[in-house]
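# Chains, contacts and geometry: an overview
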Amino acid sequence: MAGSVNKVIILGHLGRDPEVKLFDGGGKVVNLSIATSQRWKDKNTGEQRERTEWHRVSVFATYACNYAERFLRKGSLVYVEGALETRKWQDQAGQDRYATDITIRPYGGQLLGLDKATGDGRRAADDGPQQGERGGPPDDRDLSGYGSGQSGGDSAGGDGYSDMDDEIPF
């Protein structure tokens, strides 16, 4: 096959707080556990049925790691765009083990929180930038300072969002 695609998109809720692991070389990975659910009406009994699927997500992109650490908590509604990767390791008994995760790597994925702002100072990704933060969604540009308090615009605060009304008209 000349070309192929490895892309996964899920929309679900975090089953636990993000788990941050630091590497010796200074990098980090954030592990997420996300639940997606299907609901349907059983044709035979007429009752509502539900099935929940759990997904492991490993975040390696710096901007997404910083965002997950600062804003996501258990129960947060998140949009994840990434790729499937299978890991292989040996357990203590010497048996080969495999796990398939959704991964978000630099230049290859996206992580967005879809919850509204909370009373504890956290806010959702769709609330727009705060003073001193970069505006706009994460993309393939160098966003190592995204959401970390580093300014992405001019020093006068010309982020392009200051004149926008936060109220949604409907």
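What you see is a predicted model; the values in this text were computed from it and never measured. (Residues numbered from 1 in each chain as written. Predicted model: local features only at pLDDT ≥ 70, side-chain atom pairs only at ≥ 80, totals over all residues. Heavy atoms only, no water.)

## What about the overall build of the protein chain?
Check the secondary structure of the protein chain and you find 1 helix and 7 strands. Mapped in sequence order, the helices and strands of the protein chain form the string β-β-β-β-α-β-β-β. The burial tally for the protein chain puts 31% of its 170 residues in the buried class. Of the roughly 11,500 Å² of accessible surface on the protein chain, a fraction of 47% belongs to carbon and sulfur atoms. (Helix = DSSP H or I, 4+ residues; strand = E, 2+ residues; numbered from the N terminus. Buried < 20%, exposed > 50% of the residue type's maximum accessible area, 1.4 Å probe, protein only. Areas by Shrake-Rupley, 256 points an atom, 1.4 Å probe, with all protein chains shown as cover.)

## Notes on the pattern of salt bridges
This model, assessed by the stated rule, comprises 11 salt bridges. The salt bridge involving K21 is made with E19; its shortest N-O contact spans 3.6 Å. Judged by relative accessible area, which is 31%, E19 ranks as partly exposed. In this structure, K28 engages E69 in a salt bridge whose closest nitrogen and oxygen atoms are separated by 2.3 Å. Here the residue K28 occupies a position in strand β3 (residues 28–41), and E69 occupies one in helix α1 (residues 62–71), the gap between them amounting to 41 residues. (Salt bridge = Lys/Arg side-chain N within 4 Å of Asp/Glu carboxyl O.)

## Details of the packing of aromatic side chains
For any pair of aromatic rings, the description consists of the separation of the ring centres together with the inter-plane angle of the planes. Applying the stated criterion across every chain, the model contains 1 aromatic pair. Ring geometry for Y67 versus F71: centroids 5.1 Å apart, planes at 45 degrees, classification tilted. Of this pair, Y67 and F71 both sit in helix α1, 4 residues apart, which is roughly one turn of the helix. The same class applies to Y67 and to F71, which are both buried. The ring of F60 carries R105 above its face, with NZ or CZ at 4.2 Å from the centroid. (Phe/Tyr/Trp six-rings, centres within 6.5 Å; stacked < 30°, edge-to-face > 60°. Lys NZ or Arg CZ within 6 Å of the ring centre and 35° of its normal.)

## Considering the side chain of N31
Locating N31 in the fold gives a position in strand β3. Setting aside its immediate chain neighbours within four residues, N31 contacts P18, E19, K21, V57 and S58. (Contact = heavy atoms within 4.5 Å.)

## A word on the pairing of strand β2 (residues 19–22)
Pairing analysis gives 4 bridges linking β2 to β3, with the strands arranged antiparallel. Bridging across to β3, L22 finds its partner in K28. Joining the antiparallel neighbours β2 and β3 is a turn of 5 residues, in which G26 adopts a positive phi near 100 degrees. (Pairing = 2+ DSSP bridges.)

## Description of unusual backbone geometry
For Y107, which is not glycine, the phi dihedral falls at a positive 65 degrees. Counting through the fold element by element, Y107 comes out in the loop between β6 (96–104) and β7 (110–113).

## Focus: α1
One full turn of an α-helix is made of 3.6 residues, so residues set three or four places apart face in the same direction. Counting buried positions along α1 gives 7 out of 10 residues, so the element sits mostly inside the fold. Taken as a whole, α1 has its buried residues at Y63, A64, C65, N66, Y67, A68 and F71. On the buried face of α1, the contacting elements are β3, β4 (48–59), β6 and β7.

## A few points about the environment of F60
With respect to the helices and strands, the residue F60 is situated in the loop between β4 and α1. A sequence separation of 32 residues divides F60 from K28, and the C-alpha atoms of the two residues are 6.7 Å apart. Setting aside residues no more than four positions away along its own chain, F60 makes contact with F23, K28, V29, C65, T103, I104, R105 and P106.

## Examining the nonpolar core
Core analysis: the largest hydrophobic core is formed by 21 residues, its most contacted members being L32, I34, V57, V59, V80, I104 and L111. Elements represented by at least two residues in this core include exactly β1 (8–14), β3, β4, α1, β5 (77–90) and β6. Ranked by the residues each element gives to this core, the list is headed by α1, at 6 residues. Contacts of V57, omitting those with residues within four sequence positions, involve I10, V30, N31, L32, I34, V80, I102 and I104. (Core = buried A, V, L, I, M, F, W, Y, C linked by side-chain atoms within 4.5 Å.)

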